[in-house]
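Summary of the model geometry
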Amino acid sequence: DAKLLDVRTPEEFEEGHIAGAENIDFYAADFADQIDALDEGEQYVVYCRSGNRSGQATTLMADKGFGSVTDVDGGIVAWEAAGLPTVTAG
């Protein structure tokens, strides 16, 4: 029952994301505040386009005391390359 976090921009998210993902823009001025609002006791799976932003986000989350945070290796690019489904917003 892990929560999916997509840390790409809202525009990237709308173009296609993993079903059930919540979008929190890594580049948003209040990104850290949005992370602080999450439940540290939940399990999170974090992804971006290729793994750079999500890697930084998972490090930040671990530093803030989140117990279970996993980065999707290779991001949504690897997800789609593996033939796994995405959905579009709207």
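Being a predicted model, the structure only gives us computed values, none of them experimental. (Residues numbered from 1 in each chain as written. Predicted model: local features only at pLDDT ≥ 70, side-chain atom pairs only at ≥ 80, totals over all residues. Heavy atoms only, no water.)

So, the packing of aromatic side chains
Filter applied, for reference: When the centres of two rings from Phe, Tyr and Trp lie within 6.5 Å, Trp using its six-membered ring, the rings pair. Their planes under 30 degrees apart give stacked, over 60 give edge-to-face, and anything left gives tilted. Secondary structure elements follow DSSP: runs of H or I of four or more residues count as helices, runs of E of two or more count as strands, with numbering from the N terminus. Per-residue accessibility, obtained with a 1.4 Å probe over protein chains only, is compared with the maximum for each type, and a residue is labelled buried under 20%, exposed over 50%, and partly exposed between these values.
What the rule picks out here adds up to three aromatic pairs. Arranged with centres 5.6 Å apart and planes meeting at 75°, the rings of Tyr-44 and Phe-66 form a pair that is edge-to-face. Remark: Phe-66 occurs in the loop between helix H3 (52-63) and strand E4 (68-71) and Tyr-44 occurs in strand E3 (residues 43-47); sequence separation between them is 22 residues. Judged on exposure class, the residue Tyr-44 and its partner Phe-66 are both buried. By way of ring pairs, the aromatic residues Phe-26, Tyr-27 and Phe-31 are connected into one cluster.

Some thoughts on the pattern of salt bridges
Counted only if it meets this: By convention in these notes, a salt bridge is any Lys or Arg side-chain nitrogen within 4 Å of a carboxyl oxygen on Asp or Glu.
The full count for this structure, using the stated rule, is three salt bridges. Here Glu-12 makes a salt bridge to Arg-53, at a shortest N to O gap of 2.8 Å. Of this pair, Glu-12 sits in helix H1 (residues 10-15) while Arg-53 sits in helix H3, placing them 41 residues apart in sequence. With respect to burial, Glu-12 and Arg-53 carry one shared label: buried. For Asp-36, the salt bridge is made with Lys-64, and the minimal N-O distance between the two is 2.8 Å. With Asp-36 in helix H2 (residues 31-36) and Lys-64 in the loop between H3 and E4, this residue pair connects regions lying 28 residues apart in the sequence. By relative accessible area, Lys-64 is classed as partly exposed at 28%.

Looking at the nonpolar core
Put simply, the rule is: We call a set of buried residues a nonpolar core when its members are Ala, Val, Leu, Ile, Met, Phe, Trp, Tyr or Cys and they connect through side-chain atoms within 4.5 Å of each other. Contacts: residue pairs with any heavy atoms within 4.5 Å of one another.
By size, the foremost hydrophobic cluster in this structure holds 13 residues, and its most contacted members are Leu-38 and Met-61. When residues of this core are traced back to their parent elements, those giving at least two are H2, E3 and H3. Setting aside residues up to four positions removed in sequence, Met-61 forms contacts with Leu-5, Ile-35, Leu-38, Tyr-44, Val-46, Phe-66 and Val-69. Listed in part, the six residues of the second largest apolar core include Phe-13, Ile-18, Tyr-47 and Val-72.

Structural notes on the sheet that holds strand E2 (residues 22-23)
Quick note on the threshold: Think of it this way: DSSP has to see at least two bridges between two strands before they count as a pair.
The strand order across the open sheet formed by four strands is E2-E1-E3-E4, and the pairing between neighbours is parallel. This sheet does not close on itself; its edge strands, each paired only once, are E2 and E4. Where strand E1 (residues 3-6) lies against E2, two bridges are found, and the strand directions are parallel. From the neighbouring strand, Asp-6 faces E2, where its bridge partner is Asn-23.

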